[in-house]
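Each chain, letter by letter, is given below.
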Amino acid sequence: MAEAKNVLTVSIVTPDGSVYTNEQCSLAVVQTQTGDLGIMANHIPVIAALQIAPAEFKNQDGQTEIIAVNGGFVEFSNNELTIVADSAERKDQIDVNRATSAKERAQKEIEEANSNHDADTMKRAEVELRRALNRINVANRR
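The rules we used
Residues numbered from 1 in each chain as written. Predicted model: local features only at pLDDT ≥ 70, side-chain atom pairs only at ≥ 80, totals over all residues. Heavy atoms only, no water. UniProt positions renumbered as here; feature names shortened; annotations may be inferred. Helix = DSSP H or I, 4+ residues; strand = E, 2+ residues; numbered from the N terminus. 1 Å grid on protein atoms, 1.4 Å probe; cavity = no way out; pocket = protein on both sides within 12 Å on 5 of 7 lines; lining within 4 Å. Points joined across faces, edges and corners; volume = space filled by probe spheres on them. Buried < 20%, exposed > 50% of the residue type's maximum accessible area, 1.4 Å probe, protein only. Core = buried A, V, L, I, M, F, W, Y, C linked by side-chain atoms within 4.5 Å. Contact = heavy atoms within 4.5 Å. Patch = residues over 30% accessible without salt bridge, like charges linked within 9 Å, V, L, I, M, F, W, Y side chains within 5 Å. Areas by Shrake-Rupley, 256 points an atom, 1.4 Å probe, with all protein chains shown as cover. Salt bridge = Lys/Arg side-chain N within 4 Å of Asp/Glu carboxyl O. Lys, Arg positive; Asp, Glu negative; His and termini not counted. Charge placed at Lys NZ, Arg CZ, Asp CG, Glu CD.

An unreviewed UniProt entry annotates the protein as ATP synthase epsilon chain originating from Fructilactobacillus myrtifloralis. Checking UniProt for the protein, the heading Sequence similarities (unreviewed entry) contains the comment "Belongs to the ATPase epsilon chain family." Per its UniProt entry, the protein bears the Subcellular location (unreviewed entry) comment "Cell membrane".

Engineer: Mind laying out the UniProt feature "domain: ATP synthase F1 complex delta/epsilon subunit N-terminal" (unreviewed entry) in the protein, listing which residues take part and the relevant values?
Structural biologist: Using the residue numbers shown here, the UniProt feature "domain: ATP synthase F1 complex delta/epsilon subunit N-terminal" (unreviewed entry) corresponds to residues 8–88. Along residues 8–88 one finds 0% helix and 78% strand; the C-alpha atoms at either end are 20 Å apart.

Engineer: I'd like a description of the layout of surface pockets, backed by residues and values.
Structural biologist: The volume enclosed by the largest pocket comes to roughly 200 Å³. Every residue lining the largest pocket is listed: N70, S87, A88, E89, R98, A102, R105, E128, R131, A132 and R135. Looking at the lining of the largest pocket, the elements that each hand over two or more residues are β7 (88–90), α1 (96–116) and α2 (119–140). At 4 residues, α2 tops the list of elements feeding residues into the lining of the largest pocket.

Engineer: Could you give me a rundown of unusual backbone geometry, with the residues and numbers involved?
Structural biologist: Trans peptide bonds make up most of the peptide bonds, and negative phi angles are found at most residues other than glycine. Backbone geometry at N42 places phi at a positive 70°, although glycine is not the residue there. Looking at the element boundaries, N42 is found in the loop between β3 (35–39) and β4 (46–59). Assessed through its relative accessible area of 53%, N42 is described here as exposed. Positioned with a positive phi, N78 is a non-glycine residue whose angle comes to about 50°. Mapped onto the fold, N78 is located in the loop between β5 (64–77) and β6 (80–85).

Engineer: Tell me about the nonpolar core, and name the residues and values.
Structural biologist: If you look at the biggest cluster of nonpolar residues, it comprises 23 residues, and the most contacted ones within it are L8, I12, F57, V69, L81 and I83. Among the secondary structure elements, those contributing two or more residues to this core are β1 (8–14), β2 (17–32), β3, β4, β5 and β6. Once you skip the residues sitting within four places of it in the chain, I12 turns out to touch G17, S18, V19, Y20, F57, I67, V69, I83 and A88. Counting residues in hydrophobic clusters, the runner-up holds 6 residues, among them A106, A113, M122 and A125.

Engineer: Tell me about the environment of V19, and name the residues and values.
Structural biologist: Looking at the secondary structure, you find V19 in strand β2. For V19, a relative accessible area of 17% translates into the label buried. Measuring from C-alpha to C-alpha, the distance between V19 and E89 comes to 6.9 Å, with 70 residues separating the pair along the chain. Non-local contacts of V19, meaning those with residues more than four positions away in its chain, are made with I12, T14, A88, E89 and R90.

Engineer: For the side chain of T14, give the residues involved together with the corresponding values.
Structural biologist: For T14, the location among the structural elements is in strand β1. Among all residues touching T14, those that are not within four sequence positions of it are V19, A85, D86, S87 and A88.

Engineer: Can you break down a negative patch on the surface residue by residue, with the values?
Structural biologist: A cluster of acidic residues, E109, E111, E112 and E128, forms a negative patch on the protein surface. Element by element, the count of residues in the negative patch is highest for α1, at 3 residues. As for its position among the elements, E128 is in helix α2.

Pasting the structure below:
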């Protein structure tokens, strides 16, 4: 369990199970629907919807871990941060070639939907493009 004064415990879960756990996190930064949210120990309780964006977790030793989070919700209380995500991947588990193919496929779908004036297909393809770009950006970060 995380110490009440210095750290928070972080868990990321998806429909496929647990993706990430960190019991020594000193700072978590996530992108919500209303903007970036930084959370440190003893932050006020919060629940927020997440963007398709990286989530960053800084450990007490100064190392930062980055997870590609594809939507969902974040909940924080009692120094426990839980992200329930549609999907999430650790940086070292991202297949860049697969993400690049998904990006190209989504771009092609957007072009076709635009020429066919198909708003539903356009929205789905835009979400797929954001997910692919999120995965590529996280994989390429140092």
